[in-house]
Amino acid sequence: MVSSTTFEYTQTLMGMTVTLTLLEQNETVAKLAFATIKLLEDKLTVNRPVSEVMSINLAAGKHPVEVSLPVFSLIKQAWQLSVNPSSCFNMAIGPVVKLWKIGFKGDSIPADHHIKQQLLLTDPFDIELNDTTHSVFLKKAGMEIDLGAIAKGYIADVIKNLLLEHHIHHGIINLGGNILTLGASPIEKSGCWCIGLRKPFSLSDELAGIIKVKNKSVVTSGIYERYFVQNNRLYHHIFNPLTGYPLDNEIESVTVISNTSLEGDIYSTIFYGLGVNASGEYLKKHPEISAIFLLKNKTMTLINPKNFNFDLIDKHYEINLH
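Each chain carries its own residue numbering, running from 1 in the written order of its sequence. Local features are withheld for residues below a pLDDT of 70 in this predicted model, meaning they are given only at 70 or higher, and side-chain atom pairs are given and counted only at 80 or more; totals for whole chains, interfaces and linings count all residues. To obtain the side-chain values, all non-hydrogen atoms of the structure were included, while hydrogens and water were left out.

Caption draft 1: Local environment of the overall build of the protein. Helix numbering and strand numbering both begin at the N terminus, where a helix is a DSSP run of H or I of at least 4 residues and a strand a DSSP run of E of at least 2. Of regular secondary structure, the protein possesses 8 helices and 17 strands. Atoms considered for the radius of gyration are the C-alpha atoms alone. The globule rule reads 2.2 Å times the number of residues to the power 0.38. Rg of the C-alpha trace for the protein: 20 Å, near the compact-globule value of 20 Å for 322 residues, within the 12% margin. In terms of overall dimensions, the protein has C-alpha extents of about 65 × 45 × 40 Å along its principal axes. For the protein, the proportion of contacts with a sequence separation of at least 24, taken over those separated by at least 6, is 55%. The protein chains shown are the only cover counted for residues, whose accessible areas, like all others here, come from Shrake-Rupley with a 1.4 Å probe. Approximately 15300 Å² of the protein is accessible, and the part contributed by carbon and sulfur atoms is 54%. Note on contacts: a residue pair is in contact if any heavy atoms of the two residues lie within 4.5 Å.

Caption draft 2: The sheet that holds strand S16 (residues 309–312), seen in detail. At least two DSSP bridges between two strands are required for those strands to pair. Taken together, the 3 strands give an open sheet; going across it, the order is S8-S9-S16, and neighbouring strands pair in antiparallel fashion. Two strands bound the open sheet, and with one partner strand each, they are strand S8 (193–198) and S16. Here the strands of the sheet are splayed against their neighbours by 25° on average, with no regard to which way each runs. Sheet analysis places S8 next to strand S9 (residues 207–213), joined by 6 bridges and oriented antiparallel. If you follow Arg198 over to S9, its bridge partner there is Leu207. Think of each axis as a best-fit line through the C-alpha atoms, taken over the contacting stretch in the case of a helix, with angles from 0 to 180 degrees between the N-to-C directions.

Caption draft 3: Quick peek at the sheet that holds strand S10 (residues 217–222). One open sheet accounts for 9 strands, arranged S1-S2-S6-S7-S10-S13-S14-S15-S17; its pairing is mixed. Either end of the sheet is taken by a strand with one partner, and the two such strands are strand S1 (7–13) and strand S17 (318–321). Across this sheet, the average inter-strand angle for adjacent strands is 15°, counted without regard to direction. Here strand S2 (residues 16–22) pairs with strand S6 (residues 171–175) via 5 bridges, running antiparallel. Looking at the pairing, Thr21 lines up with Ile172 of S6.

Caption draft 4: Local environment of the side chain of Thr21. Here Thr21 shows up in strand S2. For Thr21, the residues in contact, after removing those within four places along its chain, are Thr6, Phe7, Glu8, Gly171 and Ile172.

Caption draft 5: Representation of the nonpolar core within the structure. Counting residues in hydrophobic clusters, the biggest one holds 68 residues, and the most contacted among them are Leu44, Leu147, Leu163, Phe271 and Phe293. In terms of residues, this core owes the most to one element, helix H6 (residues 148–165), which gives 8 residues. Once residues lying within four places of it in the same chain are set aside, the contact partners of Phe271 are Ile251, Val254, Val256, Ser279, Tyr282, Leu283, Ile289, Ala291 and Phe293. To define a nonpolar core, start from buried Ala, Val, Leu, Ile, Met, Phe, Trp, Tyr and Cys residues and group those joined through side-chain atoms within 4.5 Å. The rule is simple: take the accessible area with a 1.4 Å probe, protein chains only, and divide by the maximum for that residue type; under 20% is buried, over 50% is exposed, in between is partly exposed. Judged by nonpolar contacts, the second largest core, of 17 residues, contains Val213, Val218, Ile257 and Met300.

Caption draft 6: Seen up close, the pattern of salt bridges. Definition used for salt bridges: Asp or Glu carboxyl oxygen within 4 Å of a side-chain nitrogen of Lys or Arg. Evaluated as defined, the whole model comprises 16 salt bridges. Note that Asp42 and Arg48 form a salt bridge whose closest N and O atoms lie 2.6 Å from each other. The closest approach of N and O atoms between Lys296 and Asp248, which form a salt bridge, is 3.5 Å. With Lys296 in the loop between strand S14 (290–295) and strand S15 (299–303) and Asp248 in the loop between strand S12 (233–236) and strand S13 (251–258), this residue pair connects regions lying 48 residues apart in the sequence.

Caption draft 7: View of the packing of aromatic side chains. Each aromatic pair joins two rings of Phe, Tyr and Trp (for Trp, the six-membered one) with centres within 6.5 Å, and gets the label stacked for planes under 30 degrees apart, edge-to-face for over 60, and tilted for any other angle. What the rule picks out here adds up to 12 aromatic pairs. With a centroid separation of 6.4 Å and an interplanar angle of 40°, the aromatic rings of Trp100 and Phe228 are classed as tilted. Residue Trp100 is located in helix H4 (residues 94–100), and its partner Phe228 is located in strand S11 (residues 227–230); the two are separated by 128 residues in the primary sequence. No difference in accessibility class separates Trp100 from Phe228, as the two residues are buried. Here the aromatic rings of Phe201 and Tyr224 are separated by 6.2 Å at their centres, their planes lie at 75°, and the arrangement is edge-to-face. Pair noted here: Phe201 is in the loop between S8 and S9 and Tyr224 is in the loop between S10 and S11, with a separation of 23 residues, a long-range link. Looking at Phe201, the relative accessible area reads 29%, which means it is partly exposed. Through pairs of rings, three or more aromatic residues link up here, namely Trp100, Phe228, Tyr235, Phe239 and Tyr245.

Any functional reading would require information that these geometric values do not contain.
Here it is in structure tokens:
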């Protein structure tokens, strides 16, 4: 018999709604999970004057800063991604992002010379990591690192491990759109958890389709999340770290289905920068990762669909299997 009983626990953390969906009532574990998220947010945020990451940024051009091992490990992973020449991920892009203010009051197109000026502060090779002391040094004054692009994924994975340690093997962790499913769902006969895939730019959160997964992470990056329009052109929050301008390609959103939420965060950014064809070539060699691309021409490309099931809702889309 399929049970439909779930228990939802919700808090506002990291500037978003965080929801835990469990199959048993467990206030104690929910409170522990939320306390852990808050603790990690306090270490990683750049939206407050005090955090481990902010202490690094405030010491830019002055001296190295020692941080806790978990923060150092995450920074090291982010650095390795940032120095990869084929990746559009760059944790040092902060000065450019602040210039554009996309998603915040005062967003506008900065002068080209200002963008070029700020780009000089975004070279990841100007970040010095010391494995012995777990210290981080930004060599130029004005540099900033921002782990926002991967912090949610990292935290979701930590919470999954916490739930497993407390013998909770079925449920959903939703960190404002970073969705991580545990085990199989006893709610659906198929054992799949049903995750909505949002239709880009829909005013009423309409769905393009339903993604069905077991024990997988589902992470979406889209140009509809934060943007402004000027002179009939859309400027969004996913930047090309080489030019300092928003990336301009055929993609409206990319969803990554993977084993960990951190992978989802990483690859949703990387695949957006690579585009559909180059991402498809990469995914041929990595069959454990899947992707769904929603394109501006109203086609939908599914790559490595064996890791999930998909139900199309919006019939305006034409599905291509890659």
